[in-house]
Amino acid sequence: MALLFDVIVVGGGHAGIEAALAAARMGSRTAMLTMNNDHIGYLSCNPAIGGQAKGQLAREIDAFGGEMGRNTDRSALQYRRLNMSKGPAVRSSRAQCDKVLYSLNMKKAVETQGNLSVHQCEVIGLIVDKGRVCGVTDNFGTKIRAKSVVITAGTFLKAVMHCGASQTSGGRAGDGASDSLSDFLHAEGFNLVRLKTGTPARLKRSSINFEILERQDGDKNPVPFSFYSRPDPFPFLEQLPCYLTYTNSKTHEIIAAAQNDSPMFTGQIMGKGPRYCPSIEDKVFRFADKDRHQIFLEPESLYSEEIYANGLSTSLPVVAQQRFLQTISGLEEVEIARPGYAVEYDALNPMILKHTLEVKDLPGLFCAGQINGTSGYEEAAAQGLVAGANAAMHRINNGEELVFGREEAYIGVLIDDLVTKGCDEPYRMFTSRAEYRLLLREETADRRLAEKGKNFGVLSDPDFEKFERKYRYFEDICKKLGSTYLYGGQAEDRGVFEALGVGALPDRVSLLEAIRRPRLTISTLREAGLLSDELILTGEVEAWIADRVLEEVEVSTKYEGYIDRELKNLAKLSKQEFKKIPTDFNYSEIKGLSNEVRERLIKVRPETLGQAMRIPGVTPAAGALVYIQLVRVMKGLGSHAP
């Protein structure tokens, strides 16, 4: 028996969800194949979406028409905007989610999506015909054919869980591993690397003494993740606090004494773990000068007694986990509901991928998520969105490819980093990785990506209309603020300005000019009676959207000079950045390149000159040689070196 689809998505995690939904919304007959239908969208580690730079990714996914932002708003237990005391380029949103509702809501979104069917099975191999992938085989012996396949295997390829000396096959507690698919990829010549991630113990809520801990509430006026909709009422769920505590010297002594029982130090775990999310035993040894480490105790669900101990990822034996946990303030009588463990798994070197996330040497096969060496739900979902959309375009002859530039989205930075530099450890997104982060602010994601999402068919017409109404309102507010004036010479206004701590203003200044001053904001002007609600609130958009627009107006006004400078820098670089390199470009004939640089260029096969310049080891001088040769080839002067 053989089934026929346009797109097959292997996996039902965060990458698989966005890939399947994108393909289906674009009109492709799509199949999601997952080993457990009940774990679609499961938050297997920290039940939270967003965080530093991850919030930007989640917002971009939503802006393009993805599901992550909407589902976060349907299941958020606490909203917090991070880095609000810093500049707007590094502000990020985060939401603690109800892991039960998040998964159930995602399951419903997938199962009720048109053009998409969900099948519980294990994919054990690919069908390859004439050098092209055209389907998969499953553990029931079924051949399922499609024009393209997206693998989003997460941490399940040849996965092994470690807790002390104990080793168990599985990608996470309660789910098995995918050994056959890993074996198939290895046999097909894929260079698989071994990576590692981990998770902390889950603690029983009633065994924790919260009274002596530092309480951390969410934002009083939370901002929804989705640009297009929010639950009514909002927040939809009861908002819960998190709590802060710390390890101490006694904790560290117990962890150090258990070193010989840690699979990280005995050589039992060979895979490389995430640098920026180390286990507690790794932190104790790498940062021996630290007296304590911060721990956040976070609720997992309204329907569960389990508390997530953020910052205590570990693979130590259960006895050692219990001992060190009970040295921590508030956890003296704590009970472990589920022990922490590490997961070791196979991943690909992402340098074998195009920017579309298609495998360079195996057309029709796309890969997204942790199989590409990333960590985190948001990084996975962003890749899934791109891979699913590009897989769907395969049913259209000469269809446009979905590729994001580094100047266009954090998604572009993520994928460019992966396919250009590869990764020898799980990749995590940071704002510092983006050269144009002031242009890539959270609040501008829909302005950057909504139209592209609409053009690809992922963002619906009604949602795009909401976007258009919002930015008509944005432009209207800017015009009103630019044509409404304050008069600094009037005694009454002068007293208000002095009370706000603002120095002398000109005799006449527009409200738009006024809010460029450090101490003046739209909020302070409204509170001082200098800016009326009648001027800025209209029936064009809902109040919650108006609040977001006003914040965007303020940021874009205050930072206009910096933004203009960044745009000018981008314009200077764009000519070289986007200069295409032919797929058959011959690096071997360029004289002056070192053997090392030539080998790296041939291995990566960069698609643009900008990508070539970001390959580690490619110097500016080497880039100049490539550029000169590229110009000669484009002018038809042959492939002779200058």
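A. Expanded view of the overall build of the protein. Across its full length, the protein carries 22 helices and 22 strands. Relative to the compact-globule value of 26 Å for 642 residues, the protein shows a C-alpha radius of gyration of 26 Å, a close match. Viewed in the frame of its principal axes, the protein has a C-alpha envelope of about 80 × 75 × 50 Å. Looking at the protein as a whole, 57% of its 642 residues qualify as buried. Put simply, 74% of the contacts in the protein that link residues at least 6 apart link residues at least 24 apart. Of the roughly 27000 Å² of accessible surface on the protein, 49% is carried by carbon and sulfur atoms. Put simply, the protein has 79 plus and 83 minus side-chain charges, and the middle of one group is 4 Å from the middle of the other.

B. Main features of unusual backbone geometry. In this structure, the amide linkage connecting Asp232 to the following residue, Pro233, adopts the cis form with an omega of 5°. Structurally, Pro233 is set in the loop between strand 14 (214-216) and strand 15 (242-246). Here Phe234 and Pro235 are connected by a cis peptide whose omega angle stands at -5°. For Pro235, the position within the fold is in the loop between strand 14 and strand 15. With a phi close to 50°, Lys158 is a non-glycine residue in the positive phi region. Within the secondary structure, Lys158 sits in the loop between strand 9 (143-151) and strand 10 (160-163). Even without glycine at this site, Leu357 takes up a positive phi of about 75°.

C. Geometry of the pattern of salt bridges. Tallied over the full model, the rule gives 41 salt bridges. In this structure, the salt-bridge partner of Asp361 is Arg605, at a minimum N-O distance of 3.1 Å. Residue Asp361 is located in the loop between strand 19 (341-348) and strand 20 (365-367), and its partner Arg605 is located in the loop between helix 20 (595-604) and helix 21 (609-613); the two are separated by 244 residues in the primary sequence. One continuous salt-bridge network, built from bridges that share partners, spans Arg406, Asp416, Asp417, Lys421, Glu435 and Arg614.

D. Representation of the packing of helix 2 (residues 54-64) against helix 12 (residues 445-456) in the model. The N-to-C vectors of helix 2 and helix 12 enclose an angle of 40°; their axes lie 7 Å apart at closest approach. Between helix 2 and helix 12, the interaxial angle falls into the category oblique. Helix 12 is crossed by helix 2, and the crossing has right-handed handedness. Contacts between helix 2 and helix 12 involve Arg59, Glu60, Ala63 and Phe64 on the former and, on the latter, Ala445, Asp446, Arg448, Leu449, Ala450, Lys452, Gly453 and Phe456. Looking at the contact of helix 2 with helix 12 residue by residue, the class counts come to six nonpolar, one polar and five charged.

E. Main features of helix 1 (residues 14-25). Across its twelve residues, helix 1 extends 17 Å between first and last C-alpha, which sits within 8% of the 16 Å expected from 1.5 Å per residue. Here helix 1 lies mainly inside the structure; eleven of its twelve residues are buried. Those residues of helix 1 not exposed but buried are His14, Ala15, Gly16, Ile17, Glu18, Ala19, Ala20, Leu21, Ala22, Ala23 and Ala24. Just past helix 1, the residue Gly27 takes up positive phi, approximately 100°.

F. The pairing of strand 11 (residues 166-169), seen in detail. Pairing analysis gives four bridges linking strand 10 to strand 11, with the strands arranged antiparallel. Pairing of Met161 across the sheet is with Thr168, part of strand 11. Hairpin connection, strand 10 to strand 11: the antiparallel pair is bridged by two residues, and Gly164 has positive phi, about 65°.

G. Structural context of the domain arrangement of the protein. What the domain assignment reports for the protein is domain 1 (4-153 + 354-455), domain 2 (202-341), domain 3 (461-565) and domain 4 (578-634). In this assembly, eight residues from domain 2 lie in contact with six residues from domain 3. Summed over both partners, the interface of domain 2 with domain 3 comes to about 700 Å²; 60% of that surface belongs to carbon and sulfur atoms. Per-residue buried area on domain 2 facing domain 3 is highest for Phe227, Tyr228 and Arg230; these three make up 73% of the total on that side. Between the two partners, domain 2 and domain 3, sit zero salt bridges. Inspection of the domain 2/domain 3 interface yields three residue pairs in polar contact (both at pLDDT 80 or more).

H. Spotlight on the confidence of the model for the protein. Per-chain confidence: the protein averages 91 in pLDDT, with 95% of residues scoring 70 or above. Below pLDDT 50 for its whole length, residues 638-642 participates in 15 contacts with residues either more than four positions away or in separate chains.

I. Representation of the sheet that holds strand 3 (residues 48-50) in the model. Strand order in the open sheet formed by three strands is 3-5-4, with antiparallel pairing between adjacent strands. Unpaired on one side and paired on the other, strand 3 and strand 4 (76-82) mark the two borders of the sheet. Ignoring which end each strand starts from, the neighbouring axes of this sheet average 15° apart. Bridge count between strand 3 and strand 5 (residues 92-97): three bridges; the pairing is antiparallel. Residue Ala48 lies in a different strand from strand 5, and its bridge partner there is Gln96. On top of the sheet, helix 3 (residues 68-75) reaches strand 3, strand 4 and strand 5; it is set at about 120° to strand 4, its chief contact.

J. Summary view of a nonpolar patch on the surface. There is a patch of nonpolar side chains on the surface, built from Val100, Leu104, Leu302 and Tyr303 and spanning about 380 Å² of accessible area. Its location among the elements puts Tyr303 in the loop between strand 16 (294-299) and strand 17 (306-310).

Procedures and definitions
- Residues numbered from 1 in each chain as written.
- Predicted model: local features only at pLDDT ≥ 70, side-chain atom pairs only at ≥ 80, totals over all residues.
- Heavy atoms only, no water.
- Helix = DSSP H or I, 4+ residues; strand = E, 2+ residues; numbered from the N terminus.
- Rg over C-alpha atoms; globule rule 2.2 N^0.38 Å.
- Buried < 20%, exposed > 50% of the residue type's maximum accessible area, 1.4 Å probe, protein only.
- Contact = heavy atoms within 4.5 Å.
- Areas by Shrake-Rupley, 256 points an atom, 1.4 Å probe, with all protein chains shown as cover.
- Lys, Arg positive; Asp, Glu negative; His and termini not counted.
- Charge placed at Lys NZ, Arg CZ, Asp CG, Glu CD.
- Salt bridge = Lys/Arg side-chain N within 4 Å of Asp/Glu carboxyl O.
- Axes fitted to C-alpha atoms, helices over the stretch in contact; angles between N-to-C directions.
- Parallel < 35°, antiparallel > 145°, perpendicular 65-115°, else oblique.
- Left-handed = near helix turned anticlockwise from the far one by under 90°.
- Nonpolar A, V, L, I, M, F, W, Y, C, P; charged D, E, K, R; others polar.
- Expected span 1.5 Å × (residues − 1).
- Pairing = 2+ DSSP bridges.
- Domains from an automatic or database assignment.
- Buried area = accessible area lost by both parts, 1.4 Å probe.
- Polar contact = N/O pair within 3.5 Å; in protein donor to acceptor, adjacent residues only side chain to side chain.
- pLDDT = per-residue confidence, 0-100.
- Patch = residues over 30% accessible without salt bridge, like charges linked within 9 Å, V, L, I, M, F, W, Y side chains within 5 Å.

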